Amino acid sequence: MSEQRFKGVTWSFGPASSDSSETYRQLEKAETLRLQGELDRARTLCEPLVARYPDYYGALHTLGLIYADKGQYPQALGCLVRAVMLNPRSWQALTALSTVYLELGASEMAAQSLEQARLINPRDASIFGTLGEIYQAEREYELAYDAYHSALDLDPSLEIAAIGLGMCSTQLGRHAEAAKIFEELVKRGSRSLTALAALAGLPVSSVSLDVLSELKKISADKNANKAEFENSVAVIKAAALDRAGRPQEAWQSLVPANRSIYLARQQDARDVGETQHKSLARLKTRQIKPASGAAQTISLFILGPSRSGKTTMETLMATLAGVKRGYENPIVENAIRRTFQSAGLLTERAFEMLPPTLDSLCREIYTEELARRAGSAKVFTNTHPARIHDAARVAAAFPGVRFIFVKRNLEDNMLRIFMRAYAVGNSYSYDLKATREHLLWYHQMIDALAEKLPQIVRVIRYEDIIDDPAAALRMGADLCGLKVKEGHLPELGDDRNCSEPYRALILAALES
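Heads up: these notes are all about the structure in this document. (Residues numbered from 1 in each chain as written. Predicted model: local features only at pLDDT ≥ 70, side-chain atom pairs only at ≥ 80, totals over all residues. Heavy atoms only, no water.)

### Quick word on the overall build of the chain
Secondary structure summary: the chain contains 24 helices and 5 strands in total. Over its C-alpha trace the chain gives a radius of gyration of 24 Å, about what one expects of a compact globule, namely 24 Å for 512 residues. Dimensions of the chain, computed from C-alpha atoms along their principal axes, come out at roughly 80 × 55 × 45 Å. Within the chain, contacts between residues at least 6 apart in sequence are counted, and of these 69% link residues at least 24 apart. With the model as given, the accessible surface of the chain reaches about 24,300 Å², and the carbon-plus-sulfur share is 50%. (Helix = DSSP H or I, 4+ residues; strand = E, 2+ residues; numbered from the N terminus. Rg over C-alpha atoms; globule rule 2.2 N^0.38 Å. Contact = heavy atoms within 4.5 Å. Areas by Shrake-Rupley, 256 points an atom, 1.4 Å probe, with all protein chains shown as cover.)

This is the structure we're talking about:
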């Protein structure tokens, strides 16, 4: 999500009547302060209004936006639901509500609220911008791309839509278009870290802007956490220096920032390590029988550690007729969550926590969503790396499952993970030793699954994909029963041996 999430959202005040002018002025001042980023001052003005007038729509709406700006989404939800109850025809409140639903992970509720808003006002850019975010969260990048385009057609200045369009263009492999979008944002005066991070991660040939120079011009928002902002800038700077062929400077910028981030997430990293240990131990003792029965659509899981080459393999597979890209889609976790909920159980994220007696219900829910997402495609891909934890359960529960596991040179993979800033999770990635342990664990999981499920598993190395993409494509096609037609293959790039300039630095860090 963009850091501009709610800052440009406002709503129109009507004329104040004589008997409510003081209340009105207080609300108007609160909204002005909110738009100026004075969130605490705005909240202290608005909360007494809601306490005194529980049915004051305007105060509920503004207070909901204040909470949303502060990232306090449950509180924002309460205010905005009440605002919509009082004024069901307010497309502004419905749009804000849909955004809060999205931040809380309730994409279907977000879509429902947004559809109501569209019926009331089908020509508002913010509605299409939020629709783009819903599709983007669901990894429906083509649909998100179209929604963001519609938003910008209505309001070319809508920054959140421009950033979303650039991110979707990146995911769709339209790197030149993505670079143009982000560069235009920066040239217009935007100081978005998201835009600069995206430019630093695009292929060098597609970017003309000097990211390092632009980073010097950026300053933290007054409500931002200073340490987090400085760490983010340092990581982006490291990526830009790496692209410029200045590895020593990149390393000097990266290491202190990652150390700071890792110290803050150390406990989570320990928890992740414990979960990994349990997953591997459980897999080694498990007997796996793939689900029987025909499947209308093959679920092809292309799995590997972060930055291992999964997207490269998926890009190749997408050239085959009948294949639809799913990217890192949440279809499995959606099915797991809804099964827990339908059974009246406390919701867990892990498939292993679901009683086996509920597998048939989970399969039914999964199959329904697969049909909706895949359409007429014969193969639907999924590159979500966390699926390695429950791959055995997925194979046993869902028919028509196939796996392609991707491995990569250990040092190259370590470096690319260490140089990436993750919005959430991946706490191991900010420490080289923890990253190495994660990669070794992932490879052990791959080896165990390949041994137990030889008929539905293939293992390939990133280096081999780049060396002979045609052979990699034939392997994937054979696994899924598809035909390969001779033709031009897409440009895959080549990131092999990226760790060469850093080898001594990596070794020293691992030995320290």
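### Things to note about helix H8 (residues 141-154)
The end-to-end C-alpha distance of H8 is 20 Å, a good match for the 20 Å that 14 residues give at a rise of 1.5 Å each. In this structure, the buried side of H8 is in contact with helix H7 (125-137), helix H9 (159-171) and helix H10 (175-187). (Expected span 1.5 Å × (residues − 1).)

### Some remarks on the packing of helix H13 (residues 226-243) against helix H14 (residues 247-264)
Relative to each other, H13 and H14 sit at 150°, their axes nearing to 8 Å. It follows that H13 is roughly antiparallel to H14 by the angle criterion. Between H13 and H14 the crossing geometry is left-handed. For the pair formed by H13 and H14, the contact residues are Asn231, Ala234, Val235, Lys237, Ala238, Leu241 and Asp242 on the first element and Glu249, Ala250, Ser253, Leu254, Ala257, Asn258, Ser260 and Ile261 on the second. (Axes fitted to C-alpha atoms, helices over the stretch in contact; angles between N-to-C directions. Parallel < 35°, antiparallel > 145°, perpendicular 65-115°, else oblique. Left-handed = near helix turned anticlockwise from the far one by under 90°.)

### With respect to the state of the cysteines
Under the definition given, this model contains 0 disulfides. Among the cysteines around Cys46, which has no disulfide bond, Cys79 carries the closest sulfur, lying 8.0 Å off. (Disulfide = S-S within 2.5 Å.)

### Describing the environment of Tyr327
Tracing the sequence through the fold places Tyr327 in the loop between strand S2 (323-324) and helix H17 (331-342). Assessed through its relative accessible area of 4%, Tyr327 is described here as buried. Between the alpha carbons of Tyr327 and Leu86 there is a distance of 40 Å; along the sequence they are 241 residues apart. (Buried < 20%, exposed > 50% of the residue type's maximum accessible area, 1.4 Å probe, protein only.)

### Some thoughts on the nonpolar core
Residues Phe182, Leu196, Leu199, Val211 and Trp251 are the most contacted members of the largest nonpolar core, which totals 67 residues. Here this core takes 9 residues from H13, the largest share from any one element. Setting aside anything within four residues of it in sequence, one finds Trp251 in contact with Pro256, Leu415, Phe418, Leu432, Tyr502, Leu505, Ile506 and Ala509. (Core = buried A, V, L, I, M, F, W, Y, C linked by side-chain atoms within 4.5 Å.)

### Quick word on the sheet that holds strand S3 (residues 379-382)
In space, the 5 strands of this open sheet follow the order S2-S3-S1-S4-S5, with parallel pairing throughout. The strands lining the two open edges of the sheet, one partner per strand, are S2 and strand S5 (457-461). Relative to S5, strand S4 (residues 401-407) is paired through 5 bridges, and the arrangement is parallel. In the sheet register, Val406 faces S5, and the bridge partner there is Ile460. (Pairing = 2+ DSSP bridges.)

### Thoughts on unusual backbone geometry
The phi dihedral of Arg307 is positive, around 65°, even though this residue is not glycine. For Arg307, the position within the fold is in the loop between strand S1 (298-303) and helix H16 (310-317). On the basis of relative accessible area, Arg307 is assigned to the partly exposed category, the value being 37%. Residue Asn426 is not a glycine yet carries a positive backbone phi of 50°. Mapped onto the elements, Asn426 comes out in the loop between helix H20 (410-418) and helix H21 (432-452).

### So, the pairing of S1
Within S1, 6 of the 6 residues are buried, which leaves the element mostly enclosed by the surrounding structure. The sheet contact formed by S1 and S3 spans 4 bridges and is parallel. Each residue of the ladder has a partner; that of Ser299, found in S3, is Phe380. With 5 bridges joining them, S1 and S4 adopt parallel strand pairing. Bridge pairing in S4 places Ser299 opposite Val401.

### Considering the environment of Ile160
On the secondary structure map, Ile160 appears in helix H9. For Ile160, a relative accessible area of 14% corresponds to the buried category. Between the C-alpha atom of Ile160 and that of Thr130, which follows or precedes it by 30 residues, the distance is 9.0 Å.

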